[in-house]
Amino acid sequence: MSQLATVRSRTQNGLDADPVQVEVHLAPGLPGLNIVGLPEAAVREAKDRVKAAISSCGYRFPVQRITCNLAPADLPKDGSRFDLAIALGILQASEQIPTAALNDIEVLGELSLSGQIRPVPGCLPAALKAAAAGHGLLVPEADVAEAQLAPEARIYAAADLGELCARLHQGALVPTTRVAAAPSVPPATPDLADVRGQAAAKRALEVAAAGGHSLLLVGPPGSGKSMLARRLPGLLPPLTPPEALEVAAVASISRGGFDVASWGQRPFRAPHHTASGVALVGGGSHPRPGEITLAHHGVLFLDELPEFDRRVLEVLREPLENGGITVSRAARQTDFPARFQLVAAMNPCPCGWFGDPGGRCRCTPDQIQRYRARISGPLLDRIDLQLFVPRVEPSALARSEASGESSDTVRRRVIAARQLQIDRQGCANQQLQGRRLETLAALSDEAETVLQTALQRQLLTARAYHRCIRVARTLADLAGARDVGAAHAAEALRYRALDRGP
Ligand SMILES: Nc1ncnc2c1ncn2[C@@H]1O[C@H](COP(=O)(O)OP(=O)(O)O)[C@@H](O)[C@H]1O
Ligand SMILES: [Mg+2]
């Protein structure tokens, strides 16, 4: 007589989590476990773990021909997340545990040889999808806090196969009680008040925060570029609940995993310029998110921008335009969100001292040109705000003069300006393109004249023209003005430092 059992589970591909049926069939014949629908290496490992875990927990590994099918066959799957579902399927098919209990519950979890249930990545995306399908989700104990972030999700926890089976014998499983998501404590980001002087740079930071614009800081070493960049997250509006959920979901599929303590905080990612393309953009045989995705809804800080691999920088153009990236590997495509705010920093020339009053720079115009050309025009064009950051006089640093505005004060203005944008167009100004930009950021005649003059004098490229309008719209929003005026256009023009050349 042959026996059949089916357990529900889910794959993970990027933030997608498609349903998988784990079908287990027992039949007379040569004893052995045959898993189909998984890549070969994953099969071998899963077999060993499942077998050991079942016997470690005091259950019988059936001495029959066991066929386990993970359907549909063509979905990308990685092995370990199905361990628990396979083990439960085998125990059900061999009638060692009741079959009804798991009817509408999906199962995720890796098994240790002793039967412990180990955490797996992507429990939050799976919980969101399971809830939408009307199913509960059984997850490793360590992943419960993460899975519970999914609104409406019915989450079950298990720490150990033996203990889980004992509960199944006692009757229906009981869902975990939802603990309120950790209150969104403001992250311990450094405060803007620490930065002395630098009024223009602080203003640019405020404008960047208000409109979601990307920002490039150009200045000599020690001028405070890194210091300023790290203060941007503290100026940004709080994440909306759906945004917070997306940030958590991205963390949940990343190597580091999701830390509940970071719930509701904007990411700040600062990859080193030696980071590989895969580390920045995402990829790998089982595609994982790169830095640009880990910075989703947050800030991506690229320090020493010209030192990054040029090909990697070129890849940034796609996410800067449409907020996402598609990673292709062999037969598989994975989409990752990547709506980050780019802050980049660079020296003005190879030695770093170009434009410094001390006259220390010895670089030739040619060297400077070549250095700056490492950043392509099309990428530069996508950076709305470009600004020179001069060094602050050492005396000004030492003086214990009254510090400037705190991050909180600036943040209040940013939130007000961002609200105007959301009410008007449903998104930050940074995302306005083409015709929408033209209609929503209508220029007054005076503003039009200012920009046209700059175009004619070649202070502005045609492509940078739209960037300027976008920034001018944000400046008007910060001022609470309905229309974009001449002063807003003139200030926007000042944020094109690299267009003007050395
Ligand atoms: N405007 C400033 N106000 C206060 N400290 C500053 C300022 N500019 C630079 N510093 C000091 O100099 C250090 C170096 O600044 P940093 O941001 O690393 O410069 P950069 O990235 O431009 O090389 C900072 O850690 C800070 O102590
Ligand atoms: Mg620095």
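Everything numeric here is computed off the predicted structure, so don't read it as measured data. (Residues numbered from 1 in each chain as written. Chains lettered and ligands numbered in written order. Predicted model: local features only at pLDDT ≥ 70, side-chain atom pairs only at ≥ 80, totals over all residues.)

### Observations concerning the overall build of the chain
Here's step 1: What the chain contains, in helices and strands, is 20 helices and 18 strands.
Here's step 2: Referenced to the eigenvectors of the C-alpha coordinate spread, the extents of the chain come out at roughly 90 × 50 × 45 Å.
Here's step 3: Counting every position in the chain, which comprises 502 residues, the buried fraction comes to 46%.
Here's step 4: Counted over contacts in the chain with a minimum sequence separation of 6, partners at least 24 positions apart contribute 73%. (Helix = DSSP H or I, 4+ residues; strand = E, 2+ residues; numbered from the N terminus. Buried ≥ 20, exposed ≤ 12 C-beta atoms within 10 Å, placed from the backbone. Contact = placed C-beta atoms within 7 Å.)

### Examining the site of ligand 1
Here's step 1: Around ligand 1 sit 15 residues in total, of which R196, G224, K225, S226 and M227 are the nearest.
Here's step 2: When residues of the shell around ligand 1 are assigned to their parent elements, the largest contribution, 3 residues, is made by helix 7 (residues 225-229).
Here's step 3: Here the shell around ligand 1 is built from residues that sort into 6 nonpolar, 7 polar and 2 charged. (Near = placed C-beta within 6 Å. Nonpolar A, V, L, I, M, F, W, Y, C, P; charged D, E, K, R; others polar.)

### Focus: helix 8 (residues 241-252)
Here's step 1: Taking 1.5 Å per residue, 12 residues should reach 16 Å; helix 8 reaches 16 Å between its end C-alpha atoms and fits that length.
Here's step 2: Residues A244, L245, V247, A248, A249, V250, A251 and S252 constitute the buried set of helix 8.
Here's step 3: In this fold, the buried residues of helix 8 make contact with helix 3 (123-132), helix 4 (144-147), strand 13 (288-289), helix 10 (291-294) and strand 16 (332-337). (Expected span 1.5 Å × (residues − 1).)

### Some thoughts on the sheet that holds strand 17 (residues 341-346)
Here's step 1: An order of 11-14-17-10-18 is seen for the 5 strands of this open sheet, with the pairing classed as parallel. Only two strands of the sheet have a single partner each, and these edge strands are strand 11 (268-269) and strand 18 (385-388).
Here's step 2: In the sheet, strand 10 (residues 215-218) pairs with strand 17 via 4 bridges, with the strands oriented parallel. Paired with V218 across the strands is M346, a residue of strand 17. (Pairing = 2+ DSSP bridges.)

### Focus on helix 20 (residues 486-494)
Here's step 1: Of the residues making up helix 20, those classed as buried are H488, A489, A492 and L493. The arc that holds every buried residue of helix 20, seen down its axis, measures 140 degrees, which confines them to one face.
Here's step 2: Against helix 18 (445-456) and helix 19 (462-478) lie the buried residues of helix 20. (Arc of directions from axis to C-beta.)

### Focus on the packing of helix 19 against helix 20
Here's step 1: Close contact between helix 19 and helix 20 brings their axes to 8 Å; oriented N to C, the two are set at 125 degrees. By the angle between their axes, helix 19 is oblique relative to helix 20. Note on packing geometry: the crossing formed by helix 19 with helix 20 is right-handed. Of helix 20, the residues touching helix 19 (which contributes C468, V471, A472, L475 and A476) are H488, A489, E491, A492 and L493.
Here's step 2: Split into classes, the residues belonging to the contact of helix 19 with helix 20 amount to 8 nonpolar, 1 polar and 1 charged. (Axes fitted to C-alpha atoms, helices over the stretch in contact; angles between N-to-C directions. Parallel < 35°, antiparallel > 145°, perpendicular 65-115°, else oblique. Left-handed = near helix turned anticlockwise from the far one by under 90°.)

### Digging into the domain arrangement of the chain
Here's step 1: Under the domain assignment used here, the chain contains domain 1 (3-170), domain 2 (192-393) and domain 3 (432-502).
Here's step 2: In this structure, domain 1 and domain 3 have C-alpha centres spaced 57 Å apart. (Domains from an automatic or database assignment.)

### Observations regarding the pairing of strand 17
Here's step 1: Of all 6 residues in strand 17, 6 are buried; the element is thus mostly enclosed.
Here's step 2: Residues of strand 17 alternate between two faces, with Q341, V343 and A345 on one and L342, A344 and M346 on the opposite face, all of them buried.

### Considering the nonpolar core
Here's step 1: Core analysis: the largest hydrophobic core is formed by 143 residues, its most contacted members being A87, A127, L137 and A472.
Here's step 2: Not counting residues up to four positions away in its chain, the partners in contact with L137 are I105, E106, L108, A126, A127, A130, A147, A153, I155 and Y156. (Core = buried A, V, L, I, M, F, W, Y, C linked by C-beta atoms within 7 Å.)

### Let's talk about the pairing of strand 15 (residues 324-329)
Here's step 1: As paired strands, strand 15 and strand 16 are joined by 6 bridges and run antiparallel to one another. The residue bridging T326 from the neighbouring strand is D335, located in strand 16.

### A word on the environment of A101
Here's step 1: With respect to the helices and strands, A101 occurs in the loop between helix 2 (83-93) and strand 5 (105-107).
Here's step 2: Judged by the 18 C-beta atoms lying within 10 Å of it, A101 falls in the partly exposed class.
Here's step 3: With near-sequence residues (within four places) excluded, A101 lies in contact with L168, A172 and L173.

### Structural notes on the packing of helix 16 (residues 407-425) against helix 19
Here's step 1: Look at helix 16 against helix 19: their axes get within 8 Å of each other, and the N-to-C directions meet at 115 degrees. In this structure, helix 16 meets helix 19 at a crossing whose hand is right-handed. Counting all contacts with helix 16, which are made through R413, A417, L420 and Q421, the residues of helix 19 involved are T474, D477 and L478.
Here's step 2: Classifying every residue of the contact of helix 16 with helix 19 by side-chain character gives 3 nonpolar, 2 polar and 2 charged.

### Regarding unusual backbone geometry
Here's step 1: Geometrically, the link from A71 to P72 is a cis peptide bond, its omega value of 0 degrees lying close to zero.
Here's step 2: Structurally, P72 can be placed in the loop between strand 4 (65-71) and helix 2.
Here's step 3: Backbone geometry at E304 places phi at a positive 55 degrees, although glycine is not the residue there.
Here's step 4: Here E304 lies in the loop between strand 14 (299-302) and helix 11 (310-315).
Here's step 5: Since 15 C-beta atoms lie within 10 Å of it, E304 is described here as partly exposed.

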